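# Per-entry structural report
Read off the chains here:
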Amino acid sequence: MRMSYREALRLALREALQNDARVFLMGEDVGRYGGSYAVSKGLLEEFGPERIRDTPLSELGFVGAGVGAALGGLRPIVEVMTVNFSLLALDQIVNSAALLRHMSGGQCSVPLVLRMATGAGRQLGAQHSHSLENWYAHIPGIRVLAPATVADARGMLAPALADLDPVVIFEHAQLYNLEDELPDDWRCDIARAAVRRAGAQASVFAYGGCLPKALQAAEELAAQGVEVEVVDLRVLRPLDIDTVAASVRRTHRAVVVDEGWRSGSLAAELIARIVETCFYELDAPPARVCSEEVPIPYAKHLEEAALPQVPKIVAAVKELLNV
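These notes cover the structure that comes with them. (Residues numbered from 1 in each chain as written. Predicted model: local features only at pLDDT ≥ 70, side-chain atom pairs only at ≥ 80, totals over all residues. Heavy atoms only, no water.)

## Examining the overall build of the protein chain
Within the protein chain, the secondary structure is distributed over 14 helices and 14 strands. For 323 residues, the compact-globule formula gives about 20 Å, and the C-alpha radius of gyration of the protein chain, at 19 Å, lands near that figure. Taking the principal axes of the C-alpha coordinates as reference, the protein chain spans close to 60 × 45 × 40 Å. Taking all 323 residues of the protein chain together, the buried fraction comes to 57%. Counting only contacts in the protein chain whose residues sit at least 6 apart along the sequence, the fraction spanning at least 24 positions is 81%. (Helix = DSSP H or I, 4+ residues; strand = E, 2+ residues; numbered from the N terminus. Rg over C-alpha atoms; globule rule 2.2 N^0.38 Å. Buried < 20%, exposed > 50% of the residue type's maximum accessible area, 1.4 Å probe, protein only. Contact = heavy atoms within 4.5 Å.)

## Some words on helix 5 (residues 90-97)
Buried within helix 5 we find Gln92, Ile93, Ser96 and Ala97. Around the axis of helix 5, the buried residues are gathered within 115 degrees of arc, so they sit on the same side. Check the buried side of helix 5 and you find it contacts helix 3 (59-71), helix 4 (83-86), helix 6 (100-103), strand 5 (113-118) and helix 7 (133-137). (Arc of directions from axis to C-beta.)

## A look at the side chain of glutamate 15
Looking at the secondary structure, you find glutamate 15 in helix 1 (residues 5-19). Residue glutamate 15 is classed as buried on the basis of its relative accessible area of 18%. A distance of 3.4 Å separates the side chain of glutamate 15 from the side chain of arginine 154, its partner in a polar contact. (Polar contact = N/O pair within 3.5 Å; in protein donor to acceptor, adjacent residues only side chain to side chain.)

## Concerning a nonpolar patch on the surface
On the surface, a cluster of nonpolar side chains totalling about 370 Å² of accessible area is made up of Val275, Phe279 and Tyr280. Its location among the elements puts phenylalanine 279 in the loop between helix 12 (266-278) and strand 14 (287-291). Its relative accessible area of 45% is what places phenylalanine 279 among the partly exposed residues. (Patch = residues over 30% accessible without salt bridge, like charges linked within 9 Å, V, L, I, M, F, W, Y side chains within 5 Å. Areas by Shrake-Rupley, 256 points an atom, 1.4 Å probe, with all protein chains shown as cover. Salt bridge = Lys/Arg side-chain N within 4 Å of Asp/Glu carboxyl O.)

## Details of the layout of surface pockets
In this structure, the largest pocket occupies an estimated 200 Å³ of space. Along its surface, the largest pocket is lined by 15 residues, and Ala120, Gly121, Gln174, Lys213 and Gln309 are the ones closest to its centre. Elements with a minimum of two residues in the lining of the largest pocket: helix 10 (211-223) and helix 13 (300-306). For the lining of the largest pocket, the element with the most residues is helix 13, which contributes 3 residues. (1 Å grid on protein atoms, 1.4 Å probe; cavity = no way out; pocket = protein on both sides within 12 Å on 5 of 7 lines; lining within 4 Å. Points joined across faces, edges and corners; volume = space filled by probe spheres on them.)

## Describing the packing of aromatic side chains
Per the counting criterion, the structure on display carries 4 aromatic pairs. Ring geometry for tyrosine 5 against tyrosine 176: centres 5.9 Å apart, planes inclined by 75 degrees, an arrangement best described as edge-to-face. Here the residue tyrosine 5 occupies a position in helix 1, and tyrosine 176 occupies one in the loop between strand 7 (167-172) and strand 8 (179-181), the gap between them amounting to 171 residues. Counting every residue linked through ring pairs, the aromatic cluster contains Tyr5, Tyr37 and Tyr176. (Phe/Tyr/Trp six-rings, centres within 6.5 Å; stacked < 30°, edge-to-face > 60°.)

## Quick word on helix 10
With 13 residues, helix 10 should cover 18 Å at 1.5 Å per step; its first-to-last C-alpha distance of 19 Å lies within 8% of that length. Taken together, the buried positions of helix 10 are occupied by Leu211, Lys213, Ala214, Ala217, Ala218 and Leu221. Across the axial projection of helix 10, the buried residues extend over an arc of 155 degrees, all falling on one side. Along its buried surface, helix 10 packs onto strand 9 (194-197), strand 10 (202-206), strand 11 (228-232) and helix 14 (310-321). Note on helix 10: the residue one or two positions beyond its end, glycine 225, has a positive phi of about 90 degrees. (Expected span 1.5 Å × (residues − 1).)

## A word on the pairing of strand 11
Taking burial as the measure, the 5 residues of strand 11 include 5 buried ones, the bulk of the element. Alternating residues of strand 11 divide into Val228, Val230 and Asp232 and Glu229 and Val231, and every residue in both groups is buried. One ladder, built from 3 bridges, connects strand 9 with strand 11; its direction is antiparallel. Paired with valine 195 across the two strands is valine 231, which belongs to strand 11. Of the strand pairs in this sheet, strand 10 and strand 11 are connected by 5 bridges, and their pairing is parallel. In the sheet register, alanine 206 faces strand 11, and the bridge partner there is aspartate 232. (Pairing = 2+ DSSP bridges.)

## What to know about the environment of arginine 10
Mapping arginine 10 onto the fold places it in helix 1. Owing to a relative accessible area of 15%, arginine 10 belongs among the buried residues under this scheme. Between the C-alpha atoms of arginine 10 and leucine 25, which are 15 residues apart in sequence, the distance is 12 Å. Setting aside chain neighbours within four positions, we find arginine 10 in contact with Ala38, Val39 and Lys41.

## A few points about the nonpolar core
Judged by nonpolar contacts, the single largest core of 63 residues is most densely connected at Leu157, Val228, Val255 and Val317. Aside from chain neighbours lying at most four places away, what touches valine 255 is Ser203, Val204, Phe205, Ala287, Val289, Ala316, Val317 and Leu320. Listed in part, the 47 residues of the second largest apolar core include Phe24, Ala193, Ala254 and Ala267. (Core = buried A, V, L, I, M, F, W, Y, C linked by side-chain atoms within 4.5 Å.)

## So, the environment of alanine 200
Residue position: alanine 200 is located in the loop between strand 9 and strand 10. A relative accessible area of 52% means that alanine 200 is categorised as exposed. Distance from alanine 200 to valine 226, taken between C-alpha atoms, is 8.7 Å for residues 26 residues apart in sequence. If near-sequence neighbours (up to four positions away) are discounted, alanine 200 is found in contact with Glu227, Arg250 and Thr251.

See below:
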């Protein structure tokens, strides 16, 4: 069945609401409006206002309410409109949700799922174009997921809801219109990275909105006689270093594509782990393709220049291979 990333997310939400009376969705405009990205369209009519709850414009307030509901035995799915607005709720996420199992000695857990749109590329200006996945991947006590395919959009929510600790799911806003065939087996392991394309000459690691760019770069390189392996990290905390290292041992070269800024990036962490784990397997220094060290511009041509793009990925691979 062919569907969009948005439709796959909606199917996952509907299934969760149907299968477990403890599950409810809350956030800004998730009800009557159908969600800022139309993910929850039609769910209010189907499940009613007790299960699909529109909230005030207060991320600190409604994320805190979600933490409390999870502590009380419910399974809340909290939608934060964009990652930029999640900064207003950092205290609830970092100082409460992520820590309560540890600070209670395991007596309580916070089975909370936080969904939020991330990423740039839509000319929304600097305040609505952040990629802060690495900020959350830095925090012990939470799991961080970045579905980049229709199958993962469909399959990640159920295991996330089953996790007793908070799970943050980043949905890159450029992916909502992505269409693909939903495979028969769409169920997802939220502990492992996934090899999306096999190759022998270099490994390209990406996640979220950068995965389609990495795959397109691999196609262009293949047309030039260069075969690269593309690995979708998809689980940003905990990183699946075993799959990463296995890929590097096959290809002996690594390029990391990350829409975050270069300084303190997830790309930097991944490269550090590659060097720690399989340094002597490398035939060239690892490379990374990140966003430029500037607030994301509004003007389309400047925004495109600031972000990782296919030509930059192709150039990085060619430089490693000296071709």
